[in-house]
Amino acid sequence: QKEVEQNSGPLSVPEGAIASLNCTYSDRGSQSFFWYRQYSGKSPELIMFIYSNGDKEDGRFTAQLNKASQYVSLLIRDSQPSDSATYLCAVKRGSTLGRLYFGRGTQLTVWP
Amino acid sequence: DTGVSQDPRHKITKRGQNVTFRCDPISEHNRLYWYRQTLGQGPEFLTYFQNEAQLEKSRLLSDRFSAERPKGSFSTLEIQRTEQGDSAMYLCASIMTGGETQYFGPGTRLLVL
C-alpha cells in the first residue's frame, strides 16, 4: 500500500463548477497535509495545508481532513481554466524529519 | 517565484557522465530537502539537511548520488556515472525551523541519453 493515494484522473469539469480532489493516506501518525498545484513542466506550488479535522477555507479553495477515515480532500469552487493543472496531495508523518510523502497527483482540466 | 533557485534548469548528458546540480534556498531557511520526480509521479524524497548536517537519506539515494551543504547555505547534488533511469526533475525545497511549508525551487530537468 502506498503512503499516499490519489485518483490520477484525469478529472474534467466545466468552468464555474466545483472540482473535488481526493486523497487517502496510510500512516495514522501523519500530522500535516498539503495540497500543491503543479503546472506542466513547472515545480509544485503550495495551495494550502491543514492539520486539524474539519474544513479550512482559503478563497475558492477548501481543504477537508478526516483523520478517522485517513482522508483529505480539496474542493475548488468556481473553477477556472487557469486551474487546469496536476494537484498533488502530500503528507508529513509524525515520525520523520519533515519530509513529505506525495501522491502521484490528479490531473484537472477545466474547460470553458 | 518562491525565492528558492536551482541551477541549471535543464541538463542533457550522456550515460556515464557525472552531473552536479545546485540549490540556493531562501536565506533564512535552515532546512533543505531534495526530491526527484519522474513523469506521471509525485516527488520522491532523496535527502534532508538541517544547516550543514545531512540528517536523512532515502534508500533511493544510491552510492552514485551524493549531496552536500558545506556552509549551511546552498546545497549541491551530484550524480556519478549517470544512467538513463536517472532522467527526472530534481527538486529542491527549503523551510525554516518551526515552519510548516516547504517552498520548492523551479527544479533541474535532467535527461540522460
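Going by the structure above, here's the rest.
Residues numbered from 1 in each chain as written. Chains lettered and ligands numbered in written order. Predicted model: local features only at pLDDT ≥ 70, side-chain atom pairs only at ≥ 80, totals over all residues. Heavy atoms only, no water.

**Regarding the overall build of chain B**
- Looking only at helices and strands, chain B has zero helices and 11 strands in total.
- Seen in sequence order, chain B has helices and strands lined up from the N terminus as β-β-β-β-β-β-β-β-β-β-β.
- At 13 Å, chain B has a C-alpha radius of gyration in line with the 13 Å of a compact globule built from 113 residues.
- With respect to the principal axes defined by its C-alpha atoms, chain B has extents near 40 × 25 × 20 Å. (Helix = DSSP H or I, 4+ residues; strand = E, 2+ residues; numbered from the N terminus. Rg over C-alpha atoms; globule rule 2.2 N^0.38 Å.)

**Details of a nonpolar patch on the surface**
Residues and elements named next belong to chain B.
- Nonpolar side chains collect at one region of the surface, where Ile12, Leu111 and Leu113 lie side by side and expose about 300 Å² of accessible area between them.
- Counting through the fold element by element, Ile12 comes out in strand S2 (residues 10-13).
- Judged by its relative accessible area of 60%, Ile12 falls in the exposed class. (Patch = residues over 30% accessible without salt bridge, like charges linked within 9 Å, V, L, I, M, F, W, Y side chains within 5 Å. Areas by Shrake-Rupley, 256 points an atom, 1.4 Å probe, with all protein chains shown as cover. Salt bridge = Lys/Arg side-chain N within 4 Å of Asp/Glu carboxyl O. Buried < 20%, exposed > 50% of the residue type's maximum accessible area, 1.4 Å probe, protein only.)

**Points about the packing of aromatic side chains**
- Considering all chains together, one arrives at 14 aromatic pairs over all chains under this definition.
- With a centroid separation of 4.6 Å and 25° between ring planes, the pair formed by Tyr33 of chain B and Tyr48 of chain B is classed as stacked. In this pair, Tyr33 of chain B sits in strand S4 (residues 31-37) while Tyr48 of chain B sits in strand S5 (residues 44-50), placing the two residues 15 residues apart along the sequence. Residues Tyr33 of chain B and Tyr48 of chain B agree in their burial class; the two are buried.
- Following the ring pairs from residue to residue traces out a cluster consisting of Phe34, Tyr36, Phe49, Tyr51 and Phe102 of chain A together with Tyr33, Tyr35, Phe45, Tyr48 and Phe104 of chain B.
- When the ring centre of Phe74 of chain B is taken as origin, the NZ or CZ atom of Arg22 of chain B, which lies over that ring, is 3.9 Å away. (Phe/Tyr/Trp six-rings, centres within 6.5 Å; stacked < 30°, edge-to-face > 60°. Lys NZ or Arg CZ within 6 Å of the ring centre and 35° of its normal.)

**Focus on the pairing of strand S11 (residues 106-111) of chain A**
All names here are of chain A.
- Of the two faces of S11, the one holding Thr106, Leu108 and Val110 is buried and the one holding Gln107, Thr109 and Trp111 is not buried anywhere.
- Strand direction decides the pairing type here: strand S2 (residues 11-14) and S11, joined by four bridges, are parallel. Across the sheet, the residue bridging to Leu11 is Leu108, located in S11.
- As paired strands, strand S9 (residues 85-93) and S11 are joined by three bridges and run antiparallel to one another. Its bridge partner being in S11, Thr86 is matched across the sheet by Gln107. (Pairing = 2+ DSSP bridges.)

**A short note on the nonpolar core**
- Within the largest apolar cluster, 25 residues are counted, with the highest numbers of intra-cluster contacts made by Trp35, Val72, Leu74, Ile76 and Tyr87 of chain A.
- Of all the secondary-structure elements, those providing two or more residues to this core are strand S3 (19-25), strand S4 (30-38), strand S5 (45-50), strand S7 (61-66), strand S8 (71-76), S9 and S11 of chain A.
- With residues near it in sequence (within four places) discarded, Val72 of chain A still touches Leu21, Asn22, Cys23, Tyr25, Phe33, Trp35, Ile50, Gln64 and Leu65 of chain A.
- Core analysis: the next-biggest nonpolar cluster, separate from the first, contains 19 residues, Cys23, Trp34, Phe65 and Tyr90 of chain B among them. (Core = buried A, V, L, I, M, F, W, Y, C linked by side-chain atoms within 4.5 Å. Contact = heavy atoms within 4.5 Å.)

**Quick look at the pattern of salt bridges**
- Going through the model one piece at a time under the given rule, you end up with 10 salt bridges over all chains.
- One salt bridge connects Arg77 of chain A with Glu57 of chain A, and the closest N-O pair in it is separated by 3.5 Å. With Arg77 of chain A in the loop between S8 and S9 and Glu57 of chain A in strand S6 (residues 54-58), this pair connects stretches of sequence that are 20 residues apart.
- Of the residues examined, Arg77 of chain A reaches a relative accessible area of 26% and is grouped as partly exposed.
- We classify Glu57 of chain A as exposed; its relative accessible area is 60%.
- A salt bridge links Asp86 of chain B to Arg64 of chain B; the shortest N-O distance between them is 2.9 Å. Of this pair, Asp86 of chain B sits in the loop between strand S8 (75-79) and strand S9 (88-95) while Arg64 of chain B is found in the loop between strand S6 (53-57) and strand S7 (65-68), placing the two residues 22 residues apart along the sequence.

**Here we look at the sheet that holds S8 of chain B**
Residues and elements named next belong to chain B.
- Read across the open sheet, the four strands follow the order S1-S3-S8-S7; overall the sheet is antiparallel. One side of each edge strand has no neighbouring strand; the edge strands of this open sheet are strand S1 (5-7) and S7. Averaged over neighbouring strand pairs, the angle between their axes works out to 15° when direction is ignored.
- In this structure, S7 lies alongside S8, joined through four bridges in antiparallel fashion. (Axes fitted to C-alpha atoms, helices over the stretch in contact; angles between N-to-C directions.)

**Re the sheet that holds S7 of chain A**
All names here are of chain A.
- Taken together, the five strands give an open sheet; going across it, the order is S1-S3-S8-S7-S6, and neighbouring strands pair in antiparallel fashion. In this open sheet, the two strands that pair with only one neighbour each are strand S1 (4-6) and S6. For this sheet, the mean angle separating the axes of adjacent strands, direction not counted, is 20°.
- Here six bridges tie S7 to S8, and the two strands are oriented antiparallel to one another. Opposite Phe61, over in S8, you have Ile76 as the bridge partner.

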